[in-house]
Amino acid sequence: MNDSLVYLPQSGDWVCASCDGPLSPTDTAVTYLEGGFTITVLACPKCGLSLLPEYVAVGKMLEVEQLLEDK
Amino acid sequence: MNQQDLRTIEARCIEEEQPKCQAACPIHVDIRAFMTKMAAGDLAGARKVLDRTMPLPGVLARICDHPCEAACIRGQVGGAIAVGALERTCAMATASGGKPLCMPQKGKRVAALGGDLSALTLAWDLAKKGFAVTLFVARPTAGGILNEISPDVLPPAVLAEALETLGRMGVAFKTGQPLDAAQLEAVRHDFDAVYVECAKEANPLGASRDDADPLTLEFGPPGVFCGGWPADDGSRSIMRLVADGRRAATSIDRLLTGSTLTASREKEGACPTRSFTSLKDVPAVPRLEPTDPVTGFAPDQAKAEAARCLQCDCMECVKVCEYLKHYKGYPKLYARQIYNNLSIVLGNHSMNKMIDSCTLCGLCTEVCPEDFSMAELCLDSRRDMVNRGKMPPAAHEFALEDLAFSNGPDFALLRAEPGQTTCSHLFFPGCQLGGDPNARIPEAYAFLRAKLAGGVGLALGCCGAPALWAGRQTLFEEVVAAFRTQWESLGRPRLVTACASCLAVFRQAAPDIPAVSLWQVLNDETGLPEAAGFTPDGPLAVHDSCTARHDATAQAAVRALLGKRGLAFEELPLSGRYTECCGFGGLVGNAHPELAKAITERRAAASPRDFLATCAMCRDRLAHVGKRAYHLLDLLFPGPGAADPATRPDPGFSLRHETRARLRRHLLATVWNEPTDPKAPAGPDFTVSPEVRAVMEARHILDDDVKRTLAHAESTGRKFRNRENGHFLASFTPHRVTYWVEYVMEGATARVFTAYSHRMTVAGVGK
């Protein structure tokens, strides 16, 4: 069972530009300083390219960064 | 910081010192709290404040001889608060609080020879602490001096009720007792400790105040304490009797519970205080007296009189500092919070951001009666965090990269005058002024070359202030050392700086390098250039840089230059030594952008006039919040036909980088005849809306970051495409930060729709 948090784009129909293939939700490792966890984002199964949406980067991810920085 | 350091630092802040009234009160009644309740008409609440501290409160509040009033600083502005009359009013209007809570019996017995006020106080205090107290009273009833007070002032029923309360607290009264040496000898055998009241009519020991230890009131025989003497003139102050009883009770409690009799008793009784409260702008309001001293104040009168209380505290620094105000405390509290923050090993360091948000401007120290330095505390703490690897990377990374850019190949430049290898003077305009597209650096440099003998060299770069402020002491020292080597290579010229921060940094870190402000040189040595071009209307408000707050010479030179240029000016309420930071100092803009903005807005609001700044960051920060502001060079070297320079916006991060690189190329080409190739773009040009530009600024994303991300995406093809609108989305991680850009290519130029960044490493992202 996949229990990591899922962060998909809020709009758009995104594909991998280089292979023009569809993206699929993929467990993706996130690390910072001495901390790490897994989230689910869209990624290209062939190229391994992950798509981190803006709302995640300036929202939850920023919060967690600040939290880890103050640990 | 160790515990001792903390205590030394904490001790400097006097905010928690007792106000003068409370310190003068031998039992330290919380008079401020009492006045707050009285001013609100909350008599029951006020009574609770008295009950907390006063023995026999219904009695004492009626008759207290209020030594606090002599100490009240309201006395200087209208007359001391009528504390005594207000206490009396409160006591008369409220019911007795009943029997106070007493601790469980400790199994120790205390005797008091005497039934006067000091013995009653001792009995009250010790009974509350769980001691069994027996009062040996000579007369048929206890009360002593209290029985001599007019029944109008102290009705016998009130005294009787107080004695009854003592009885319910477990105090035994033995009346009609002989109080002589034999009695003392007898009770010494039967009780664990004895208090001998040396009142008017009975002094079984014949002991004088001089015979007893003044700190403990301990007399010769073990376990015997004395107190309650009349003053030398025979008078007996109510509060003095109470103070003796309380002091002896404390001694007996300590003796019978096995703790030290003498430690930490400095603040017992009336004591000195370092409290400071400014009376500046406090209007004089005359003291009210009750119409009838016996019945006390009428309700409205009581409220009005209590409302005159100044609620003394210091807060001098908090009043003038947005940062200190923001965290809702005061330095003493902050020192402890910071100490705790630095001490914890595991858990959240919740004060990191606070430590990194001080502007280090030093205004707090200037206004503090005890020279408390928040700047010193925060800077030391930052160094400590850096040394232990606990400094959050995000706090200062951007500023440190800016420093690296300024001292890197795109901006750094060091030259003697053309054709020379050494020089007598070295113009150091500073990196921030170098980033202002309208700065008159070439004009100022040409002017200095024309006017100063011995050759004027030029140094473009950063003095290292960001590293200093970020607590990166090693990096800071490296920057200064590197500069020193270059300075020596030019024959040790005198430094002429246009930036107050650079000047302060060099003077502090490299005192052997002679350094002077550009303003001083223009005022004292070169004279002014011919005035030509823009001249502002109306007086300007002079904004001194916080880093120049102790440079009275430079401040005077700025004003003299304005005078010579024929420009009217005004002083801001806080200026010179007391100037406020613009919100750039200490890198607060990096660590806490919202607070930095509030600091700038506060400064901008200090005058409706246009501001005159002598530091590029001050000017740009003021412009950033919409304040019209000039840099002094705008007015000394106005370009012919130039528009009003106060209207120009804050250049922002990217333009500041571009401008520095452009300035370097311009000066090399025009002064040294060394044309350089325009820097090859790192990636495709792009266009962006003002809204997205503002978002990029707020997120510290530079044009260069966007260009490199675009170049990476376009060269590798690693990007996403939105099939609905054709937008691309790509990421790139040049160092630690990953940048994302959403864009379309329009020919060779990209149109950028958004840019964002993060520091966390995400698999399959960036690189």
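Since this is a predicted model, take the numbers as computed values, not measurements.

Q: Is there a simple way to think about the overall build of chain A in this case?
A: Along chain A, the regular secondary structure elements total one helix and five strands. Starting at the N terminus, the α and β elements of chain A follow one another as β-β-β-β-β-α. Summarising its shape, the C-alpha atoms of chain A cover approximately 40 × 25 × 25 Å along the three principal directions. A total of about 3800 Å² of accessible surface is found on chain A, and carbon and sulfur atoms cover 55% of it.

Q: Quick question: what am I supposed to make of the overall build of chain B here?
A: Along the backbone of chain B there are 33 helices and 20 strands. Whereas a compact globule of 767 residues would reach a radius of gyration of roughly 27 Å, chain B reaches 36 Å, over 25% beyond that. Principal-axis analysis of the C-alpha atoms gives chain B an extent of 110 × 65 × 50 Å. Sorting the 767 residues of chain B into buried and exposed places 56% on the buried side.

Q: Just checking my understanding: could you explain the environment of His 349 of chain B for this structure?
A: Mapped onto the fold, His 349 of chain B is located in the loop between helix H15 (331-343) and helix H16 (352-355). Overall, the relative accessible area of 2% leaves His 349 of chain B in the buried class. Between the C-alpha atoms of His 349 of chain B and Ile 338 of chain B, which are 11 residues apart in sequence, the distance is 9.2 Å. The contact partners of His 349 of chain B, leaving out residues within four places of it in the chain, are Asp 70 and Lys 71 of chain A together with Asn 341, Ile 344 and Lys 390 of chain B.

Q: Looking at this structure, I do not really get the sheet that holds strand E2 (residues 14-16) of chain A. What am I missing?
A: The strands making up a sheet associate through hydrogen bonds between their backbones, and the pairing can be parallel or antiparallel. Strand order in the open sheet formed by six strands is E2(A)-E16(B)-E17(B)-E18(B)-E19(B)-E15(B), with mixed pairing between adjacent strands. Of all strands in the sheet, those with a lone pairing partner are E2 of chain A together with strand E15 (686-688) of chain B, marking the two edges. When the angles between neighbouring strand axes are averaged without regard to direction, this sheet yields 35 degrees. Here strand E18 (residues 738-746) of chain B pairs with strand E19 (residues 749-758) of chain B via nine bridges, running antiparallel. Paired with Glu 742 of chain B across the two strands is Thr 754 of chain B, which belongs to E19 of chain B.

Q: Before we go on, may I ask you to explain the sheet that holds strand E9 (residues 494-497) of chain B in this structure?
A: Residues and elements named next belong to chain B. With mixed pairing, the five strands of this open sheet are ordered in space as E6-E8-E7-E9-E10. Unpaired on one side and paired on the other, strand E6 (413-415) and strand E10 (515-517) mark the two borders of the sheet. Each adjacent strand pair in this sheet contributes to an overall mean axis angle of 25 degrees, direction not counted. Sheet topology note: the strand E7 (residues 425-428)/E9 ladder contains four bridges and is parallel. Following the sheet pairing, Leu 426 is matched in E9 by Leu 495. Sheet strands touched by helix H21 (residues 441-451): E7, strand E8 (456-460) and E9. Its angle to E8, the strand with the most contacts, is close to 155 degrees. The sheet strands contacting helix H31 (residues 652-671) are E6 and E8, and the helix crosses E8 at an angle near 155 degrees.

Q: Got a minute to help me understand the interface of chain B and chain A in this structure?
A: Taken residue by residue, the interface counts 34 residues in chain B and 34 residues in chain A. Interface area, chain B with chain A, both sides summed: about 3100 Å², of which 57% is carbon and sulfur. Three residues, Phe 720, Arg 721 and Met 760 of chain B, lead the burial of chain B against chain A; their summed loss comes to 24% of the area buried on that side. Taken together, the links from chain B to chain A amount to three salt bridges. Measuring nitrogen to oxygen at the nearest pair gives 3.1 Å for the salt bridge that ties Asp 13 of chain A to Arg 723 of chain B.

Q: For this particular structure, what's the right way to read the pattern of salt bridges?
A: Note on pairing: side chains with opposite charge can pair once their charged atoms come close. Residue and element names in this part refer to chain B. Evaluated as defined, the whole model comprises 55 salt bridges over all chains. Salt-bridge contacts for Arg 628 lead to Asp 610; the nearest nitrogen and oxygen are separated by 2.9 Å. Of this pair, Arg 628 sits in the loop between helix H29 (616-624) and strand E14 (629-631) while Asp 610 sits in the loop between helix H28 (593-604) and strand E13 (611-613), and the two are 18 residues apart along the sequence. Linked through salt bridges whose partners overlap, the residues forming this network are Glu 322, Lys 325, Glu 580, Arg 602 and Arg 603.

Q: Would you take a moment to explain a negative patch on the surface for this structure?
A: All names here are of chain B. A cluster of like negative charges, contributed by Asp 210, Asp 211, Asp 232 and Asp 233, occupies part of the molecular surface. Its location among the elements puts Asp 232 in the loop between strand E5 (224-227) and helix H11 (238-256). A residue is classified by how much of its surface remains accessible, and Asp 232, at 89% relative accessible area, is exposed.

Q: Mind showing me how you'd approach the pairing of E5 of chain B here?
A: Each regular strand carries side chains that alternate between the two faces of the sheet. Residue and element names in this part refer to chain B. Here E5 shows a buried face lined by Val 224 and Cys 226 and a second buried face lined by Phe 225 and Gly 227. Where strand E4 (residues 193-197) and E5 come together, four bridges link them in parallel fashion. Across the sheet, the residue bridging to Glu 197 is Gly 227, located in E5.

Q: Sorry if this is basic, but what is going on with the nonpolar core here?
A: One broad trend across soluble globular proteins is that nonpolar side chains are buried collectively. All names here are of chain B. In this structure, Tyr 323, Met 374, Phe 427 and Trp 519 are the most contacted members of the largest nonpolar core, which totals 116 residues. The biggest single contributor to this core is helix H18 (residues 374-387), with six residues. With residues near it in sequence (within four places) discarded, Phe 427 still touches Ile 441, Ala 444, Tyr 445, Leu 448, Val 456, Gly 457, Leu 458, Ala 459, Val 496, Ala 498 and Leu 518. Core analysis: the second largest hydrophobic core is formed by 86 residues, Ala 85, Cys 90, Trp 124 and Leu 166 among them.

Q: Would you explain unusual backbone geometry in this entry?
A: With the exception of glycine, most residues fall at negative phi, and the peptide bonds are largely trans. Residue and element names in this part refer to chain B. Here the phi dihedral of Met 315 falls at roughly 55 degrees; this positive angle occurs in a residue that is not glycine. Take Met 315: it is sitting in the loop between helix H12 (299-307) and helix H13 (316-320). Phi at His 700 is positive, roughly 60 degrees, even though this residue is not glycine. Structurally, His 700 can be placed in the loop between helix H32 (690-698) and helix H33 (703-716). A residue is classified by how much of its surface remains accessible, and His 700, at 17% relative accessible area, is buried.

What counts and how
Residues numbered from 1 in each chain as written. Chains lettered and ligands numbered in written order. Predicted model: local features only at pLDDT ≥ 70, side-chain atom pairs only at ≥ 80, totals over all residues. Heavy atoms only, no water. Helix = DSSP H or I, 4+ residues; strand = E, 2+ residues; numbered from the N terminus. Areas by Shrake-Rupley, 256 points an atom, 1.4 Å probe, with all protein chains shown as cover. Rg over C-alpha atoms; globule rule 2.2 N^0.38 Å. Buried < 20%, exposed > 50% of the residue type's maximum accessible area, 1.4 Å probe, protein only. Contact = heavy atoms within 4.5 Å. Pairing = 2+ DSSP bridges. Axes fitted to C-alpha atoms, helices over the stretch in contact; angles between N-to-C directions. Buried area = accessible area lost by both parts, 1.4 Å probe. Salt bridge = Lys/Arg side-chain N within 4 Å of Asp/Glu carboxyl O. Patch = residues over 30% accessible without salt bridge, like charges linked within 9 Å, V, L, I, M, F, W, Y side chains within 5 Å. Lys, Arg positive; Asp, Glu negative; His and termini not counted. Charge placed at Lys NZ, Arg CZ, Asp CG, Glu CD. Core = buried A, V, L, I, M, F, W, Y, C linked by side-chain atoms within 4.5 Å.

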